[in-house]
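# Commentary on secondary and tertiary structure
One letter stands for each residue in the lines below.
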Amino acid sequence: MRDPLSALSDAFTAFLFGKVETTRLPVRTSTGQAQAVYLPTAAPGLGDSGVIIGREVYSGKGYIYDPFQLYGQQLPAPHWLVLGESGNGKSALEKTYVLRQLRFRDRQVVVLDAQGEDGVGEWNLIAQELGLTPIRLDPTSALNGGIRLNPLDPAITTTGQLALLRTIIEVAMGHGLDERSGFALKVAHAYVNETITDRQPVLTDIVDQLRHPEPESAEAMNVDIDDVRAWGLDVALVLDRLVDGDLRGMFDGPTSFGIDLDAPLIVFDLSHIDRNSIAMPILMAIVGVWLEHTWIRPDRKKRIFLVEEAWHIINSPFVAQLFQRLLKFGRRLGLSFVAVVHHLSDVVDGAAAREAAAILKMASTRTIYAQKADEARATGRVLGLPRWAVEIIPTLTPGIAVWDVNGNVQVVKHLITEAERPLVFTDRAMTESSATDLLPEDVRAADLEAEQRAARIEHQQRLNESSESTVA
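Residues numbered from 1 in each chain as written. Predicted model: local features only at pLDDT ≥ 70, side-chain atom pairs only at ≥ 80, totals over all residues. Heavy atoms only, no water.

On to the packing of aromatic side chains. Following the criterion strictly, the structure yields eleven aromatic pairs and no others. Ring plane angle 75° and centroid distance 6.1 Å describe the contact between F183 and W231, whose orientation is recorded as edge-to-face. With a gap of 48 residues between them, F183 in helix α8 (residues 179–195) and W231 in helix α11 (residues 225–231) connect regions that are remote in the sequence. Taking relative accessible area as the criterion, F183 reaches 13% and is therefore assigned buried. Relative to F337, the ring of F305 has its centre 5.9 Å away and its plane inclined at 70°; by these criteria the two rings are edge-to-face. On the criterion of sequence distance, the pair formed by F305 in strand β9 (residues 302–307) and F337 in strand β10 (residues 335–341) is long-range, its members being 32 residues apart. Comparing F305 with F337 shows no difference in burial state: the two are buried. Put simply, the rings of Y63, Y65, W80, Y97 and W403 pair up and form one aromatic cluster. (Phe/Tyr/Trp six-rings, centres within 6.5 Å; stacked < 30°, edge-to-face > 60°. Helix = DSSP H or I, 4+ residues; strand = E, 2+ residues; numbered from the N terminus. Buried < 20%, exposed > 50% of the residue type's maximum accessible area, 1.4 Å probe, protein only.)

Structure (structure tokens):
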């Protein structure tokens, strides 16, 4: 029973100051239990319209992405950069993304397939599934009636033809054309276009004209005809490689018939070209310019141009300039360019660092798969990733990536359906059972562990940032 004096004192205090809360004893708990104090949070998604990629690791929500739906509101540009070391799921992401995009009727996709297996490109299975035949660019098959692409195709504007010829020559020579060589090429190209009207002009015509220039070209500059011939000699020797050298057959004739530019998917199989030779950037330049003038049209269709081994483009200053123009031009006509590379250092430290930086700036979407710690730090600096994202990149398991969509950074697990799995797996010779095993328990456990580790790192990082702001 309470002391009457204490009861009277409490009643008087309550009358003057209001009711006094009961004092409670402190509760001892662990830091693990105290985490419940922090309410769960998840960054907003990108909307619910577009292609399903997978799910966000932290919130478990579905992750939906479509550059055409986001362009102009959340995305300043529809172009996309995919980074990561081999074996982490880049190819699977590309293929499922294309398959899911093609479910929309107004989509068209072109793929430059630079990797192959079993004698065919790795997109061959998908093309077959859709009832399509890849366009194989191969010097050997071209000599036997295979596919040809003509740099002087009348579908390409005269200005585009001359720019493409200059790019081919500059890539092969490793430096820009001087004014005299450029003049010799220009007058040879102009003469061929003016005089050959009954057929498609071809590279052989340019080579012949460089070796035997017309007197009018010399008189226009008030120089000797032998000078014009000497100025064009190196140019003729470079182009002769495409006509009669190791690259003959692919570009030294009229463009082949049968290339269906209205097909939903067009695959250029480049897997028979040596990826370390100058043939690859030359080939990509020709294909890119040809598509710019024949495939990209103002017909309100949404087009995706996906390039594997894109460092061949971005790392060559001359080819990068061509594609930089293509990206600016194509954006107005509904083009989304997807560049797939292994390491950012492949492009930012090369000869075309300035051009590469311009192309990277136009890529508002970046997807980064697992990289080594030093590579991840370099990637974070160049792309401006938050610190927590840089720290978890080396810990990511295959199929999980950091997505940065114009500053909206998420960790996303890519999901593959059973129907897609046999079509998207690569390295079949090394993993014969991969296409049939849906998701082994060890992979499931590794994914769970990686997700938990990533969540802990992000949580700790956010606590540190919160503490720093409180101290400040």
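Read from one edge to the other, the open sheet built from eleven strands follows the order β2-β1-β13-β12-β11-β3-β10-β9-β4-β8-β7, with strand pairing classed as mixed. For this open sheet the edge positions go to β2 (62–65) and β7 (135–136), each flanked by a neighbour on one side alone. Where strand β3 (residues 79–83) meets β10, four bridges bridge the pair, whose relative direction is parallel. When the bridges of β10 are listed, V82 appears paired with V340. Across the sheet, helix α4 (residues 90–101) is in contact with β1 (51–56), β2, β3, β4 (107–113), β8 (265–269), β9, β10, β11 (363–368), β12 (400–405) and β13 (408–414); its angle to β1 comes to roughly 135°. Where helix α17 (residues 353–362) meets the sheet, its contacts fall on β3 and β11, and the angle it forms with β11 comes to roughly 90°. (Pairing = 2+ DSSP bridges. Contact = heavy atoms within 4.5 Å. Axes fitted to C-alpha atoms, helices over the stretch in contact; angles between N-to-C directions.)

By themselves these figures say nothing about function.
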